[in-house]
Amino acid sequence: MIKTLKISFSLKMTYCMNSILYALKQIPLIKRLLPGSLYGAEGLKAVITILALIWEVISAFLGKFVYLLLMVFLVSGLYGAVPQRDSFLHILFFLTLIGAVMNTYMFNPTKDKYYAILLMRMNAREYTLVNYSYEILKVLVGFLVFGCILGAMVGVPIWVCVLIPFFVAGCKLFVAAWCLRDYEKTGKANNENVLGKFVWIAIALLLAAAYGLPAVGIVIPWQVIAAVMVLALVLGLISIRKIYRFENYRDVYRQIIGDWNIRLDTSKSVVKESNRKLISMDASISSNRKGFEYLNDLFVKRHQKILWRAAKRQAVVCLVLFGAAVAASLIFPVFADGSRELLLSNLPLSVFFMYLLNRGTGFTQALFINCDHSLLTYSFYKQPGAILKLFRIRLREIMKINLLPALVIGGGMALLLFTSGGTDDWLNYVVILVTIPVQSMFFSVHYLVLYYLLQPYNAGTEIKSGTYQLAMWATYFFCYLLIQLEMSTLMFGIVCIALCVAYSAAACALVYHVAPRTFRIRN
């Protein structure tokens, strides 16, 4: 058993190390410093192994702590209609049921299972039992520590807090044993990454019960939940027998991992096919323009569904929402006061919403799959003059598309501020009207510049640039962090406009100097 655990851990570390090194070698400033022989460096393996061991210890606690804190503890304190102790246990109860189905640990088709069971032909039963026991042990330790701490803070009896980890583990054990019995009857293995529509409906109902019922003052009595916890513990202990005696783990994993690999391959085809379906095949579509203007005009007309149509729908939805908000501010003084305070002190929120609405990623993906993927094979298309001219044309087009909902949002926010009590400083209205479109222009520039500088796609239309993915994540986290920022509308608007203009100018200048060397199909 110990040997199997060591091998499985070594497999995870090797895969993790190779993935990290591959991602680093995609970063232009770093890849020259990393030789290919680095993959076999013993010192690096030792360092990563030590870091992985530390992370395993931390993850056994940190993940459970964040889950209980954000999903249960903090949310349970928002309901004033019921005691926090009752809402805490109520939410935890339903989320545990959801987690037992969605995160079984046993039926998750991962790379390490593929390598160990199918490629290395390890003993499937022993490998599964060792790794599953390890995961359940982490559940018990993590939930015992933080379940007792956070539960005691809201007044949950200590004996119920002690039951929490065994309740969570018992539910997972019971679901795993149930799926194994179902496999013996039907020959069809459960795959937690491919849930049926009825399972998703059940999950949605459980989620609504978890967070919706306490809002109207309805919770399951804590005594009832405690009794169910004891029942789950008993069922979990009974389920261990089935899990331990099951012999066909190899057949189960051959099925779910095989299905998983097939889905990975077919999903790529589905993406390509779905993109083709979004293209208008109307032969009457034409243009009177010349050169690259002609190419861009045809592209935009043939992609109305994912470009202008989507932007128009966003604009209509925003128009309706702001219309309703303006009406509510005129009818309900409390809503008006809240809206006015929000607009005058929380304008940074708009950055995250503009990030969500921006069509930059969809635009660049469509550009590559349905245009650049083919044209980049021709030498004339890769000439610096052609690249830069088409960049200017595309930047103008994506700005126009993104500006439509941005103008509606900016105008709606200014009108809402006026109807909710207004402000003595008329500059606040100007800042709101200008800031939102400028943010839209910033994201238009940002995504198109990243596309031209990093061009993440290979010939198979797969994203192969670690730098591009890192930039995408950095963009998300930056916008998300701004949600926490509180600053006056006037101050934030001035700073935001200045930074957006400066960034856009610098980014475009960088494209002019670098894009002729980087805008290529990635190997």
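Peer 1: I would appreciate a short explanation of the environment of Leu-349 in the present structure.
Peer 2: Tracing the backbone through its elements, the reader meets Leu-349 in helix 14 (residues 349-357). With a relative accessible area of 22%, Leu-349 lands in the partly exposed category. Each C-alpha atom, one on Leu-349 and one on Tyr-480, is 8.6 Å from the other, the two residues being 131 residues apart in sequence. Once residues within four sequence positions are removed from consideration, Leu-349 is found in contact with Leu-342 and Ile-483.

Peer 1: Help me understand the packing of helix 4 (residues 84-102) against helix 8 (residues 197-212) in this model?
Peer 2: In a packed pair of helices, the relevant descriptors are the angle between the two axes and the axis-to-axis distance. Two numbers describe how helix 4 lies on helix 8: the axes approach to 8 Å, and their chain directions differ by 165 degrees. Compared by their axis directions, helix 4 and helix 8 come out roughly antiparallel. When you trace helix 4 past helix 8, the crossing you get is left-handed. Contacts from His-90, Ile-91, Phe-94, Leu-95, Leu-97, Ile-98, Val-101 and Met-102 in helix 4 reach Val-199, Trp-200, Ile-203, Leu-206, Leu-207, Ala-209, Ala-210 and Tyr-211 in helix 8. Residue composition of the contact of helix 4 with helix 8, by class: 15 nonpolar, one polar and no charged.

Peer 1: In this structure, what is going on with the packing of aromatic side chains? I would like to understand it.
Peer 2: For any pair of aromatic rings, the description consists of the separation of the ring centres together with the inter-plane angle of the planes. Tallied over the entire structure, the rule returns 25 aromatic pairs. Ring geometry for Phe-391 versus Tyr-452: centroids 5.2 Å apart, planes at 80 degrees, classification edge-to-face. Of this pair, Phe-391 sits in helix 16 (residues 384-419) while Tyr-452 sits in helix 17 (residues 427-454), placing them 61 residues apart in sequence. For Phe-391, a relative accessible area of 1% translates into the label buried.

Peer 1: Help me understand the confidence of the model for the protein chain, please; the structure alone is not making it clear to me.
Peer 2: Low pLDDT marks regions whose predicted coordinates should not be analysed in detail. Of the residues in the protein chain, 82% have a pLDDT of 70 or more, and the chain-wide mean is 81. For the stretch residues 262-271, pLDDT sits under 50, and the model shows five contacts to residues farther than four places along the chain or on other chains.

Peer 1: Quick question: what am I supposed to make of the pattern of salt bridges here?
Peer 2: Where charged atoms from two side chains of opposite charge approach closely, those side chains can pair. Tallied over the entire structure, the rule returns seven salt bridges. Arg-396 serves as the salt-bridge partner of Glu-293, at 3.0 Å between the closest nitrogen and oxygen. Taken as a pair, Glu-293 in helix 11 (residues 291-302) and Arg-396 in helix 16 lie far apart in primary sequence, 103 residues in all. Lys-400 serves as the salt-bridge partner of Glu-397, at 3.7 Å between the closest nitrogen and oxygen.

What counts and what doesn't
Residues numbered from 1 in each chain as written. Predicted model: local features only at pLDDT ≥ 70, side-chain atom pairs only at ≥ 80, totals over all residues. Heavy atoms only, no water. Helix = DSSP H or I, 4+ residues; strand = E, 2+ residues; numbered from the N terminus. Buried < 20%, exposed > 50% of the residue type's maximum accessible area, 1.4 Å probe, protein only. Contact = heavy atoms within 4.5 Å. Axes fitted to C-alpha atoms, helices over the stretch in contact; angles between N-to-C directions. Parallel < 35°, antiparallel > 145°, perpendicular 65-115°, else oblique. Left-handed = near helix turned anticlockwise from the far one by under 90°. Nonpolar A, V, L, I, M, F, W, Y, C, P; charged D, E, K, R; others polar. Phe/Tyr/Trp six-rings, centres within 6.5 Å; stacked < 30°, edge-to-face > 60°. pLDDT = per-residue confidence, 0-100. Salt bridge = Lys/Arg side-chain N within 4 Å of Asp/Glu carboxyl O.

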